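Chain residues, written in single-letter form:
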Amino acid sequence: MYRFIFSIILPASLLLMSGCKKEGQQNYVPKPKGYNRIDLPAHSYRQLPEKYPYTFQYSKYAVVEPDTFKMAGKDWIFISYPQFKANIQITYKPLGNNPALLKAFIDDSYKLASKHQIRASSIQEQRVLSKSGRTALLFRIEGDVPSPYQFYTTDSTGHFMRGAIYFPTATKNDSLAPVIDYLQADMVQLLNTLEWR
């Protein structure tokens, strides 16, 4: 009889008493799955300073910094978005009316976009006509890649510009989709207001 009490009734009663909570004691439950909240400011633009051989409008929430890579050219810049930990890298190369240089720069743009094929689910090319009448080729790279949008534009005789949105983060791009769309709109504004000097 004592065995029955000690083996079944006592453990059951201890279990029931431990489930009761005292007044004022918090009840802990796991948090539901959630997503990062990203507050995006309204688009607002300002003009790039006149020290470059090109000008365009860029976001008031961005900072223009010189490109610090070892192979960077004199007029290469980062349009940095500290709030989003992202940037748009702008590379500029003068053509000097040299068709061979133009072909080499276009080939380089295709090579740089295709380097993402390993992790990309698709790469879409789109020819875009800006409001100012300039043509640009836009690469949309889908998947978990560090550069979801790239472009190049040229006047085919004197100027060549390439741009790419970069996220130096391991966050999945589906989580960054609102920021990617926001930066893509800024990139389109850049192309629509681009002028050569």
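Refer to the structure printed above.
Every value quoted in this text rests on a predicted model; they were computed, and no experiment measured them.

(A) Seen up close, the overall build of the protein chain. Along the backbone of the protein chain there are three helices and 11 strands. When the helices and strands of the protein chain are read in sequence order from the N terminus, they spell out α-β-β-β-β-β-β-α-β-β-β-β-α-β. When each of the 197 residues of the protein chain is scored for burial, the buried share is 36%. For the protein chain, the share of sequence-separated contacts (at least 6 apart) that also reach a separation of at least 24 residues comes to 49%. Of the roughly 12800 Å² that the protein chain leaves accessible, carbon and sulfur atoms contribute 56%.

(B) Region of the structure containing the pairing of strand 7 (residues 120-129). When strand 7 meets strand 8 (residues 135-143), the two strands line up antiparallel, connected through nine bridges. Bridging from a neighbouring strand, Gln 124 pairs with Arg 140 of strand 8. Connecting strand 7 to the next strand, strand 8, in antiparallel fashion are five residues, including Gly 133 with a positive phi near 90°.

(C) Summary view of unusual backbone geometry. Even without glycine at this site, Asn 97 takes up a positive phi of about 55°. In this structure, Asn 97 sits in the loop between strand 6 (86-94) and helix 2 (99-114). With a phi angle near 70°, Ser 156 is a residue other than glycine that sits in the positive phi range. Relative to the helices and strands, Ser 156 is located in the loop between strand 9 (149-154) and strand 10 (159-166). Assessed through its relative accessible area of 41%, Ser 156 is described here as partly exposed.

What counts and what doesn't
Residues numbered from 1 in each chain as written. Predicted model: local features only at pLDDT ≥ 70, side-chain atom pairs only at ≥ 80, totals over all residues. Heavy atoms only, no water. Helix = DSSP H or I, 4+ residues; strand = E, 2+ residues; numbered from the N terminus. Buried < 20%, exposed > 50% of the residue type's maximum accessible area, 1.4 Å probe, protein only. Contact = heavy atoms within 4.5 Å. Areas by Shrake-Rupley, 256 points an atom, 1.4 Å probe, with all protein chains shown as cover. Pairing = 2+ DSSP bridges.

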